[in-house]
Amino acid sequence: PAAPHATESASKGTPASPVAPHATAPTLASPPAPAPSPARSAAVSVADEVDALALAANRVLSSALDVDELLVAAAGTFDSPDEYRARRLEVVDKYLVAADIYLQAVRLGGGGNDERRVLLKRRLEEVLDRVATIKKMTGGMTPTASEAPA
């Protein structure tokens, strides 16, 4: 069964309308949004730059990790220990590029310990730890499980 007001409207020949018949749009325009303050714009710009640096560092780190994992998996297949060491140094270079970009982001982000800064510092430390591990690898062509990238 229909609602009583809908039935009455239908019996009078006028369609029931959910919208009030005399609803009008406001006549005054909304005031324009205030311009952002220079300090807020600078903060947003710095945050955007930090995010862009972090993204770039993440890309380089991802590439370094991929090469590092392949290198660890192929450790026993190199013709000589010197060739393996040379490849390890190439990976170290990739990691150091990522570390440099993370460091730029940390410095640009300024002081404090906000969540973004803590994450960037942690990534930087992990990259530098990996570099130290690779540099400690000596002689043998097969890395141990503890030397594999995390």
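Throughout what follows, the structure given in this document is the object of discussion. (Residues numbered from 1 in each chain as written. Predicted model: local features only at pLDDT ≥ 70, side-chain atom pairs only at ≥ 80, totals over all residues. Heavy atoms only, no water.)

**Regarding helix α3 (residues 81–109)**
Piece 1. Between its first and last C-alpha, α3 extends 42 Å over 29 residues, near the 42 Å set by a 1.5 Å rise per residue.
Piece 2. When we look at burial in α3, the residues that qualify are Tyr 84, Arg 88, Val 91, Val 92, Tyr 95, Ala 98, Ala 99, Ile 101, Tyr 102, Ala 105 and Val 106.
Piece 3. Positive phi shows up at Gly 110, right after α3, with a value of about 80 degrees. (Helix = DSSP H or I, 4+ residues; strand = E, 2+ residues; numbered from the N terminus. Expected span 1.5 Å × (residues − 1). Buried < 20%, exposed > 50% of the residue type's maximum accessible area, 1.4 Å probe, protein only.)

**Considerations on the environment of Leu 119**
Piece 1. Looking at the secondary structure, you find Leu 119 in helix α4 (residues 115–136).
Piece 2. The partly exposed category is assigned to Leu 119, whose relative accessible area is 37%.
Piece 3. Residues Leu 119 and Val 106, 13 residues apart in the sequence, show an inter-C-alpha distance of 9.4 Å.

**Some words on the packing of aromatic side chains**
In this description, an aromatic ring pair is defined by two values, namely the gap between the centres and the angle between the planes.
Piece 1. Evaluation of the coordinates by the stated rule reveals one aromatic pair.
Piece 2. Pairing Phe 78 with Tyr 84 gives two aromatic rings, centres 5.4 Å apart and planes at 55 degrees, and the pair type is tilted. This pair shows no difference in class: Phe 78 is buried, exactly as Tyr 84 is. (Phe/Tyr/Trp six-rings, centres within 6.5 Å; stacked < 30°, edge-to-face > 60°.)

**Points about the pattern of salt bridges**
Piece 1. One pass over the structure, following the stated rule, counts three salt bridges.
Piece 2. The salt bridge partner of Arg 116 is Asp 51, with a shortest N-O separation of 2.9 Å. With Arg 116 in helix α4 and Asp 51 in helix α2 (residues 38–73), the pair connects residues that are 65 residues apart, well separated along the chain.
Piece 3. Taking the shortest distance from any N to any O, the salt bridge between Asp 68 and Arg 130 comes out at 2.6 Å. Residue Asp 68 is located in helix α2, and its partner Arg 130 is located in helix α4; the two are separated by 62 residues in the primary sequence.
Piece 4. A relative accessible area of 8% means that Arg 130 is categorised as buried. (Salt bridge = Lys/Arg side-chain N within 4 Å of Asp/Glu carboxyl O.)

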